[in-house]
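Notes for the structure review
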Protein chains: 2
Amino acid sequence: MEIDVTIKLKQGVADPEGENTKKALNLLGFRTVHDVKMMKTFRLVIESHDEEKARIEVEEMCRKLLANPVIHDYEISVVRAGDR
Amino acid sequence: MEIDVTIKLKQGVADPEGENTKKALNLLGFRTVHDVKMMKTFRLVIESHDEEKARIEVEEMCRKLLANPVIHDYEISVVRAGDR
């Protein structure tokens with residue numbers, strides 16, 4: 001089973017990578033770009049046939065390793081065959 | 001309009017960040033994790049009402065700045081209100 005964990009910065013946390021990407025795009029002439037936010041996704045391949053159980057396990061992975069609760073929000077989504 | 005650009009490594013390109021995340025998860029006791037791949041997403045806020053035109057512009061941003069064609073594949077998707 002493939003599960004995507006998307007890690008984004010909480011509202012209000014500075015996002016220098018996004019900010020600089022926006023500046024660079026504007027300098028390249030893309031003046032319609034008003035904001036850029038960065039996100040990171042872990043695509044996990046997990047041996048499990050029980051979606052509910054896998055989700056609970058991935059929640060635990062987020063708390064223990066993947067996300068920093070001070071600055072990050074995370075989203076867990078199961079990858080369906082068509083999403084890949 | 002919000003557009004997500006997802007940058008992933010091409011098949012066969014080494015992904016040390018994903019590899020090390022996998023190792024760390026296994027060491028933490030999550031032994032069902034068989035593989036981890038990293039992806040990066042730029043969420044762009046663009047002033048545009050023409051989806052087709054915006055997509056073409058974002059394609060150009062990918063070629064000029066956001067992706068490295070030697071190692072990256074990219075996907076462009078318009079963010080609908082429900083996806084946020």
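Bear in mind the structure is a predicted one, so any value in this text is a computation, not a measurement.

Our next topic: the overall build of chain A. When helices and strands are counted, chain A shows 2 helices and 3 strands. The order of α-helices and β-strands along chain A, N terminus first, is β-α-β-α-β. Radius of gyration (C-alpha) of chain A: 16 Å, far over the 12 Å computed for a compact globule of 84 residues. Counting only C-alpha atoms, chain A reaches 50 × 30 × 15 Å along its principal axes. Burial statistics for chain A: of 84 residues in total, 39% are counted as buried. Taking the contacts inside chain A whose residues are at least 6 apart along the sequence as the reference set, 70% of them involve residues at least 24 apart. Accessible area for chain A stands at about 5,000 Å²; split by element, carbon and sulfur atoms hold 51% of it. Counting 14 positive and 16 negative side-chain charges, chain A places the centres of these two groups 6 Å from one another.

This paragraph deals with the pairing of strand β1 (residues 2-9) of chain A. Residues and elements named next belong to chain A. Burial runs high along β1: 7 of the 8 residues are buried. Summarising the sheet, β1 and strand β2 (residues 33-46) pair through 7 bridges and their orientation is antiparallel. Residue pairing across strands places isoleucine 7 opposite lysine 40, the latter belonging to β2. Across 7 bridges, the pairing between β1 and strand β3 (residues 72-78) is antiparallel. Residue pairing for β3: threonine 6 is matched across the bridge by glutamate 75.

After a rotation of 180° and a shift along the axis of 0.0 Å, chain B superposes on chain A with an RMSD of 0.0 Å. On this basis, the relationship between the two copies can be described by a two-fold rotation axis. Across chain B, the smallest distance between a C-alpha and the rotation axis is recorded for lysine 40 of chain B, namely 2.3 Å. Mapped onto chain A, 100% of the interface residues of chain B again fall at the interface, so both copies present the same surface.

Here we come to the interface of chain B and chain A. Residue-level contacts link 32 residues of chain B with 32 residues of chain A. At the boundary of chain B and chain A, one finds 2 salt bridges. A salt bridge links glutamate 17 of chain B to lysine 40 of chain A; the nearest nitrogen and oxygen atoms lie 3.2 Å apart. The interface formed by chain B and chain A holds 16 residue pairs in polar contact (both at pLDDT 80 or more) in total. At the level of secondary structure, the elements contributing two or more residues to the side of chain B that touches chain A comprise β1 (2-9), α1 (16-27), β2 (33-46) and α2 (51-66) of chain B. It is β2 of chain B that contributes the most residues to the side of chain B that touches chain A, 14 residues altogether. Tallied by class, residues from the side of chain B that touches chain A come to 15 nonpolar, 4 polar and 13 charged. Of the strand pairs in this sheet, β2 of chain A and β2 of chain B are connected by 13 bridges, and their pairing is antiparallel. Directly across from aspartate 35 of chain A, in β2 of chain B, lies its bridge partner valine 45 of chain B.

Cut-offs used in this document
Residues numbered from 1 in each chain as written. Chains lettered and ligands numbered in written order. Predicted model: local features only at pLDDT ≥ 70, side-chain atom pairs only at ≥ 80, totals over all residues. Heavy atoms only, no water. Helix = DSSP H or I, 4+ residues; strand = E, 2+ residues; numbered from the N terminus. Rg over C-alpha atoms; globule rule 2.2 N^0.38 Å. Buried < 20%, exposed > 50% of the residue type's maximum accessible area, 1.4 Å probe, protein only. Contact = heavy atoms within 4.5 Å. Areas by Shrake-Rupley, 256 points an atom, 1.4 Å probe, with all protein chains shown as cover. Lys, Arg positive; Asp, Glu negative; His and termini not counted. Charge placed at Lys NZ, Arg CZ, Asp CG, Glu CD. Pairing = 2+ DSSP bridges. Least-squares fit on C-alpha atoms with pLDDT ≥ 70 in both. Salt bridge = Lys/Arg side-chain N within 4 Å of Asp/Glu carboxyl O. Polar contact = N/O pair within 3.5 Å; in protein donor to acceptor, adjacent residues only side chain to side chain. Nonpolar A, V, L, I, M, F, W, Y, C, P; charged D, E, K, R; others polar.

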